[in-house]
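Chain by chain, the residues run as shown.
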Amino acid sequence: MAITTPSDWSFPPCINCKNRILKPKICSSCKTLPFLSNIFFNSRTLVAKSSRCSSPVLEEKSQKTPSKNSQVIELDLEQIQDYSSITTTTNGTTTCLPDSKDLNGLICNLLKDPQTQGIGYDCYEKAKGNKDFRPDKSTLKLLIRYLVNSNKWGSIFSLSKDLRSLQVLPDSSTCCKLISSCMKARKFKIVNSFLELFVIADQETGVLAFDSAMKGYNKLHMYSSSVVLYEKMRSAGLVLDPGCYCSIMEAFTKIGNCDKVVALFEEFESKNVESAPYYAQIYKNLCESLGKSGRAFESLEYFRDMTKKGIQEDHSFYSVLICGFASIREVNMAEELLEEAEGKKMLRDPALFLKLVLMYIEEGCMEKTLDVVASMTRVKIRVSDCIFCAIVNGFSRKRGLRAAVEVYEELCSEGNEPGQVTYASVLNLYCRLGLYSKAEMVFSEMEQKGFDKCVVAYSSMIAMYGKTGRPKDAMKLVAKMKERGCQPNVWVYNALLDIHGKVLNLRQVEKIWKEMKRRKIFPDRVSYTSIISAYSKAREFDKCLIYYQEFTLNGGRLDRAMAGIMVGVFSKMNRVDELISLLQNMKREGTKLDGRLQRSALNSLRDAGLQIQAKWLQESFGAT
């Protein structure tokens, strides 16, 4: 049998206070420690700590500062003397190891210190080769904390195999934290590996772990994955706890399976669980699911039943209930719950106010949208840009453009601040009403408040400059837009094409068109209509045909404007076949012709001697 000698040890010498070279003490009952030597002294520098020397000094000056690849560790060698020895024989070599209890203590001490955590993990890797070694819960807790904080996911996956072979488990709290950490890092394979282990080893831990996994999937909006875990729990015979019921009900709520949510709630109720910490959340999931499914009255019944049981409600319940009734346009019930919630000081969710505004708009009760704003003011909730814009656009749709700008000005006078979306909408309204000076004032206000990257506002202003005959101002605004990092979209380019096309600036039109292609802004029907109209006015009909063919090849569909322009083009070019084909397409799609173009088409057909086609044209589109 080969016996190692002291000269084989990896312990470096240390120097005491009298500058004498000392060798570390070794337990007399354990003459060899190759196990610890391999762990602690391989590629690392160990500074032995002695009670007789307060500050060990290294021999060489060049070794005073450890290199980046080395780690200075303080280890009291006298503590190692206290370990009881276990002698194992491998390939004829005798190895002396500490027993499992003391080795767990050693690993824990190393894992507690951030400077020695890596060594502690190496120690665990070596120790698990000993058939008598079993990591205890403290060791596993510290080990998992180290691996998670270090993002060593491969080692964590390997740990799941170790736990299976060693038949040990961390405490339930550590298991849940491990699953939650893996879910945050989206390490789903590792999660599944641990869940399979927990189910086999300990069902109570398995239930808690599955709940943590379902919560993680719900946070990631992966609700179908939560349902898969729920099915696995059922097949494994696990009994759901209140937390699991809460998580799976939330998943089914988001998926929209209301019947399953109700079934799970009834199942939970049948267990007669008293004062469960998740009781209120379970009821909330139930009420939300019923409200989204149009069953708001059932949702209200469950809510009333919950309050009778003494379960405390919060503001989120009223938000769910009011939104549910608003969705089915039950105005009276929504208003009653709103009044009740305000009396209890439980109006805190801006989403419910938006639902009420949309409900009143659909019902045509426009004045009541202003009552919603008054309610928000009373409970000190700021009117959001979304709500502001919804009210302005609602008035525009139901009462007209002028009523919309009036309500905008009224809300502003009351201290409500519009955001970018509202500004863009009102700017468009002013332009459509011809109130150009007010439009410029709104745009200037937007710039002052930092809303200088709104493409919709830019397109409205550029179109306004076109209507007022200010092409230079339009081009300056586009240049300013690009300087601010806001790239023009197809709306902006369409406005520019229209501006320059009206004044027959074909050179600029062609330049804008090429810039669109270069920036990969795909032209739409308005783009093609503008450029074809420009060339038609300039009587460059060949160009009109080129762009029209490109339009049709790209799948463009005729509208009245495009059809009218091309009828004129074909008529003036005496391209009778294309004209007849175009007219047939217009008839098939129900597109109308104005009197001028109809007369032009009719004259073209008569000049070509196509009396039958001319008669068909009159019958199809009416006599002029």
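Residues numbered from 1 in each chain as written. Predicted model: local features only at pLDDT ≥ 70, side-chain atom pairs only at ≥ 80, totals over all residues. Heavy atoms only, no water.

What about the overall build of the chain?
Scanning the chain from terminus to terminus reveals 32 helices and 6 strands. For the chain, buried positions account for 46% of its 624 residues. At a minimum sequence separation of 6, the contacts of the chain that also span at least 24 residues come to 64%. Approximately 32400 Å² of the chain is accessible, and the part contributed by carbon and sulfur atoms is 49%. (Helix = DSSP H or I, 4+ residues; strand = E, 2+ residues; numbered from the N terminus. Buried < 20%, exposed > 50% of the residue type's maximum accessible area, 1.4 Å probe, protein only. Contact = heavy atoms within 4.5 Å. Areas by Shrake-Rupley, 256 points an atom, 1.4 Å probe, with all protein chains shown as cover.)

Observations concerning the pattern of salt bridges
A complete count under the given rule lists 29 salt bridges for this structure. Across the pair Lys254 and Glu288 runs a salt bridge, and its minimum N-O distance is 3.4 Å. Taken together, the residues span a long stretch of sequence, with Lys254 in helix 11 (residues 242-255) and Glu288 in helix 13 (residues 279-292) at a distance of 34 residues. Relative accessible area serves as the criterion here: at 36%, Lys254 is assigned to the partly exposed category. Overall, Glu288 belongs to the buried group, its relative accessible area being 15%. (Salt bridge = Lys/Arg side-chain N within 4 Å of Asp/Glu carboxyl O.)

Here we look at helix 20 (residues 401-413)
When the terminal C-alpha atoms of helix 20 are compared, their 19 Å separation across 13 residues agrees well with the 18 Å that a helix rising 1.5 Å per residue should span. Among the residues making up helix 20, those that are buried are Ala404, Val405, Val407, Tyr408 and Leu411. Projected down its long axis, helix 20 shows its buried positions confined to an angular sector of 160°, all on one face. Looking at the buried positions of helix 20, the neighbouring elements they touch are helix 18 (366-378), helix 19 (385-399) and helix 21 (420-433). Note on helix 20: the residue one or two positions beyond its end, Gly415, has a positive phi of about 100°. (Expected span 1.5 Å × (residues − 1). Arc of directions from axis to C-beta.)

Notes on the UniProt feature "repeat: PPR" (unreviewed entry) in the chain
Mapped onto this structure's residue numbering, the UniProt feature "repeat: PPR" (unreviewed entry) falls at residues 241-275, 419-453, 454-488, 489-523 and 524-558. Spanning residues 419-453, this segment combines 77% helix with 0% strand, and its end C-alpha atoms are found 13 Å apart. Across residues 489-523, helical content stands at 74% and strand content at 0%; the span's end C-alpha atoms are separated by 10 Å. (UniProt positions renumbered as here; feature names shortened; annotations may be inferred.)

Brief notes about the environment of Val407
Secondary-structure assignment places Val407 in helix 20. For Val407 and Phe388, which are 19 residues apart along the polypeptide, the C-alpha to C-alpha distance reads 9.9 Å. Val407 has contacts with Leu370, Ile391, Val392 and Phe395, leaving out every residue within four places of it along the chain.

Quick word on the packing of aromatic side chains
Working definition: an aromatic ring pair is given by the centre-to-centre distance plus the angle between the planes. Taken as a whole and judged by the stated rule, the model has 22 aromatic pairs. Both rings, one in Tyr121 and one in Tyr124, keep their centres 6.2 Å apart while their planes meet at 35°; by these two values the pair is tilted. With a gap of 3 residues between them, Tyr121 and Tyr124 both fall in helix 4 (residues 117-127), about one helical turn apart. Classification of Tyr121 by relative accessible area gives buried; the value is 13%. What links up through ring pairs into an aromatic cluster is the set Tyr245, Phe265, Phe268, Tyr279, Tyr283 and Tyr302. (Phe/Tyr/Trp six-rings, centres within 6.5 Å; stacked < 30°, edge-to-face > 60°.)

Quick notes on unusual backbone geometry
In this structure, Lys380 is a non-glycine residue whose phi angle is positive, near 60°. With respect to the helices and strands, Lys380 occurs in the loop between helix 18 and helix 19.

Looking at the confidence of the model for the chain
Taken residue by residue, the chain gives an average pLDDT of 81. The fraction at 70 or more is 77%. Within the model, pLDDT remains below 50 along residues 1-97, and this stretch shows 132 contacts once partners closer than five positions in the same chain are excluded. (pLDDT = per-residue confidence, 0-100.)

A word on the side chain of Ser212
Looking at the element boundaries, Ser212 is found in helix 9 (residues 203-219). Overall, Ser212 belongs to the buried group, its relative accessible area being 12%. If we ignore the near neighbours within four places in the chain, the residues touching Ser212 are Cys176, Ile179 and Ser180.

A word on the packing of helix 5 (residues 137-149) against helix 7 (residues 172-184)
The interhelical angle for the contact between helix 5 and helix 7, taken along N-to-C directions, is 10°, at an axis separation of 10 Å. Considered as vectors, helix 5 and helix 7 are oriented roughly parallel to each other. For the element pair helix 5 and helix 7, the recorded crossing hand is left-handed. Facing Lys141, Ile144 and Val148 of helix 5, the residues of helix 7 in contact are Thr174, Leu178 and Ser181. When its residues are assigned to classes, the contact of helix 5 with helix 7 shows 3 nonpolar, 2 polar and 1 charged. (Axes fitted to C-alpha atoms, helices over the stretch in contact; angles between N-to-C directions. Parallel < 35°, antiparallel > 145°, perpendicular 65-115°, else oblique. Left-handed = near helix turned anticlockwise from the far one by under 90°. Nonpolar A, V, L, I, M, F, W, Y, C, P; charged D, E, K, R; others polar.)

A word on helix 11
Here helix 11 is 14 residues long and its end C-alpha atoms lie 20 Å apart, about the 20 Å a rise of 1.5 Å per residue gives. Taken across its 14 residues, helix 11 has 10 buried, putting it largely inside the fold. Among all positions in helix 11, only Gly243, Cys244, Tyr245, Cys246, Ser247, Ile248, Met249, Ala251, Phe252 and Thr253 are buried.

As for the environment of Ser165
Mapped onto the elements of the fold, Ser165 is located in helix 6 (residues 153-166). Engagement of the side chain of Ser165 in a polar contact is seen with the backbone oxygen of Asp162, the distance being 2.9 Å. (Polar contact = N/O pair within 3.5 Å; in protein donor to acceptor, adjacent residues only side chain to side chain.)

Describing the packing of helix 8 (residues 188-201) against helix 9
Remark: helix 8 packs on helix 9, axes separated minimally by 7 Å, with the N-to-C direction vectors making an angle of 155°. Taken together, the axes of helix 8 and helix 9 lie roughly antiparallel to each other. Between helix 8 and helix 9 lies a crossing whose hand is left-handed. Residue-level inspection shows Phe188, Val191, Leu195, Phe198, Val199 and Ala201 of helix 8 in contact with helix 9, the latter providing Gln203, Thr205, Gly206, Ala209, Phe210, Ala213 and Tyr217. Among the residues making up the contact of helix 8 with helix 9, the classes are represented as 10 nonpolar, 3 polar and no charged.

A short note on the environment of Ala424
Looking at where Ala424 falls in the secondary structure, it is placed in helix 21. Counting along the chain gives 27 residues from Ala424 to Phe451, while the straight-line C-alpha distance between them is 9.6 Å. With residues near it in sequence (within four places) discarded, Ala424 still touches Met446, Cys454 and Val456.

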